[in-house]
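Reading the structure
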Amino acid sequence: MQFTWQDREIRFDGDKYTTALRTSEEIVQELPDVEDCKGSNNETGRLLVTNLRIIWIYKMNQKTNLSVGYDTIRRLSFQDPNPNFIDPRAVLNISAKYNDGRFEFIFACANPKASKVYRVLAELQKSYAATRLYRDLKLRGGFIKNKQLQLLPGETMVRKLQGVFNLSAEQGNLGTFFVTSIRVVWFAEMAENFNISIPYIQITKIVLRQSSKFGNALVLQTNSFSGNYTLGFSIDPEAMLKTLHQELTTLYEVYAKKPNFGVKYTPRKRRHSEEKRLAAKEDDVQIVTTSQMEHFDTLTRYYADPGKGTDRKPVYDEHLGLAVENMNGEMSTDKLWVVVA
């Protein structure tokens, strides 16, 4: 199956294949004349919002580009256009983490559609966070209730097999094995919270392998994003094991042609007051409205502190009554508390 990196990596200035859409990746919104304020001042390009990532491509040279996967995003906020601000355009601010690096991306656009596109992006980010079972290997999850698999939207049950041994332990654990259109799931008969969910998108190999202790076994190999697990399962009679292998191989090949990532955007009509209430409950996506943007610069400077090489000397802070690291410029803790409030 085609390796899916698009939602999990940050890439800079990649080749044409980096910005090309992979199978089942869809452009949900597109915005022209967007400036990359952080890395390419005064350079505008196209901003593409897909179901897996954000892509920015410089209009004068497509080799200058960005790809930011949703899995790397830690904070997302945006500012509606306001003629009273120094920059009156709609501004999108993204804080991301990839490997050991922390990144900040700031995009600005004068297009009237910009605020709508940013809101769609926030919805897609929430959808991505809520649909991880479509894409991530999960151990000891809450997807088994009363010994029944809780199906995901759009997922169909193909087969349920009892008496399947998970060979991760020396003696093997007896349990139930589910095969669906999106993943394979196993749970132990004695404890349904001892379970595993393996999406096809994380599987690299499905083979039958001979074991000296358990005989013929079904072996699933996962990719590096899932920890390079090798998982073995055994079932009697052997004819059923071969049937299961053939069935899984077929389903895997069908899924590879059109993966289901689970990320969808469904336009919804809400009252303005309801939008603010729902946004306040969200942890990983923060929508900063115009009224909140008065202190936006302070928060941004606190989060991303460019040029800081070592910790600053501690000073006594009267507002907190504690010793804190000396802050940059005119920033103070009482201003930061105003931002949080």
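Refer to the structure presented above.
Thresholds applied
- Residues numbered from 1 in each chain as written.
- Predicted model: local features only at pLDDT ≥ 70, side-chain atom pairs only at ≥ 80, totals over all residues.
- Heavy atoms only, no water.
- Pairing = 2+ DSSP bridges.
- Helix = DSSP H or I, 4+ residues; strand = E, 2+ residues; numbered from the N terminus.
- Contact = heavy atoms within 4.5 Å.
- Axes fitted to C-alpha atoms, helices over the stretch in contact; angles between N-to-C directions.
- Phe/Tyr/Trp six-rings, centres within 6.5 Å; stacked < 30°, edge-to-face > 60°.
- Buried < 20%, exposed > 50% of the residue type's maximum accessible area, 1.4 Å probe, protein only.
- Salt bridge = Lys/Arg side-chain N within 4 Å of Asp/Glu carboxyl O.
- Core = buried A, V, L, I, M, F, W, Y, C linked by side-chain atoms within 4.5 Å.

Turning our eyes to something else, we now look at the sheet that holds strand E17 (residues 215-222). What the eight strands build is an open sheet, ordered E9-E15-E14-E13-E12-E18-E17-E16; its pairing is antiparallel. The open sheet is flanked by strand E9 (138-139) and strand E16 (203-211), the only strands paired with a single partner. Lying over the sheet, helix H3 (residues 238-257) contacts strand E12 (157-166), strand E13 (173-180), strand E14 (183-188), E16, E17 and strand E18 (230-234), oriented at roughly 165 degrees with respect to E16.

This next bit is on the packing of aromatic side chains. Inspection of the entire model under this criterion finds eleven aromatic pairs. Summarising the aromatic geometry, the rings of Phe-12 and Phe-103 are spaced 5.7 Å apart at their centres and angled 50 degrees between planes, so their arrangement reads as tilted. Placement of Phe-12 in strand E1 (residues 10-12) and of Phe-103 in strand E8 (residues 101-109) is noted, with a sequence separation of 91 residues between them. Its relative accessible area of 44% is what places Phe-12 among the partly exposed residues. On the basis of relative accessibility, which here comes to 26%, the residue Phe-103 falls in the partly exposed class.

This paragraph deals with unusual backbone geometry. With an omega of -5 degrees, the peptide bond running from Asp-236 to Pro-237 counts as cis. If you trace the backbone, Pro-237 turns up in the loop between E18 and H3. Phi is positive for Asn-146, which is not a glycine, with a value near 55 degrees. Relative to the helices and strands, Asn-146 resides in the loop between strand E10 (144-145) and strand E11 (148-149). Non-glycine residue Asn-228 carries a positive phi angle of around 55 degrees. Here Asn-228 shows up in the loop between E17 and E18.

With antiparallel pairing, the eight strands of this open sheet are ordered in space as E1-E5-E4-E3-E2-E8-E7-E6. The sheet is open, and its two edges are formed by E1 and strand E6 (73-79), each paired on a single side. Ignoring strand direction, the axes of neighbouring strands in this sheet form an average angle of 25 degrees. Sheet analysis places strand E7 (residues 90-98) next to E8, joined by nine bridges and oriented antiparallel. When the sheet's bridge partners are listed, Lys-97 is paired in E8 with Arg-102. Helix-sheet contacts for helix H2 (residues 114-130) involve strand E2 (27-36), strand E3 (40-50), strand E4 (53-58), E6, E7 and E8, and the interaxial angle to E2 is about 125 degrees.

For Gln-148, the location among the structural elements is in strand E11. You can call Gln-148 partly exposed: its relative accessible area is 39%. A sequence separation of 28 residues divides Gln-148 from Thr-176, and the C-alpha atoms of the two residues are 9.5 Å apart. Among residues more than four places away in sequence, those in contact with Gln-148 are Phe-143, Lys-160 and Phe-178.

Scanning all chains against the criterion turns up 16 salt bridges. A salt bridge links Glu-189 to Lys-147; the shortest N-O distance between them is 3.6 Å. With Glu-189 in the loop between E14 and strand E15 (195-199) and Lys-147 in the loop between E10 and E11, the pair connects residues that are 42 residues apart, well separated along the chain. The partner of Glu-155 in a salt bridge is Arg-183, with the nearest N and O atoms 2.7 Å apart. With Glu-155 in the loop between E11 and E12 and Arg-183 in strand E14, this residue pair connects regions lying 28 residues apart in the sequence.

Looking at the secondary structure, you find Pro-32 in strand E2. Not counting chain neighbours up to four residues away, the residues in contact with Pro-32 comprise Gly-45, Cys-109 and Asn-111.

All right, on to the pairing of E8 then. Here E2 runs beside E8; their pairing, made up of two bridges, is antiparallel. Considered in E8, the bridge of Asp-36 is made with Phe-107.

The tendency in soluble globular proteins is for nonpolar side chains to be buried side by side. Counting 30 residues, the largest nonpolar core has Leu-47, Leu-92, Phe-107 and Tyr-118 as its most contacted members. Broken down by secondary-structure element, the contributors of at least two residues to this core are E2, E3, E4, strand E5 (65-69), E6, E7, E8 and H2. The element best represented in this core is H2, accounting for eight residues. Filtering out sequence-adjacent residues up to four positions away, Phe-107 remains in contact with Val-34, Glu-35, Asp-36, Cys-37, Leu-47, Trp-56, Leu-66, Ala-90, Val-91, Leu-92, Ile-94 and Tyr-118. Membership of the second largest hydrophobic core comes to 27 residues, among which are Val-164, Ile-206, Phe-233 and Tyr-252.

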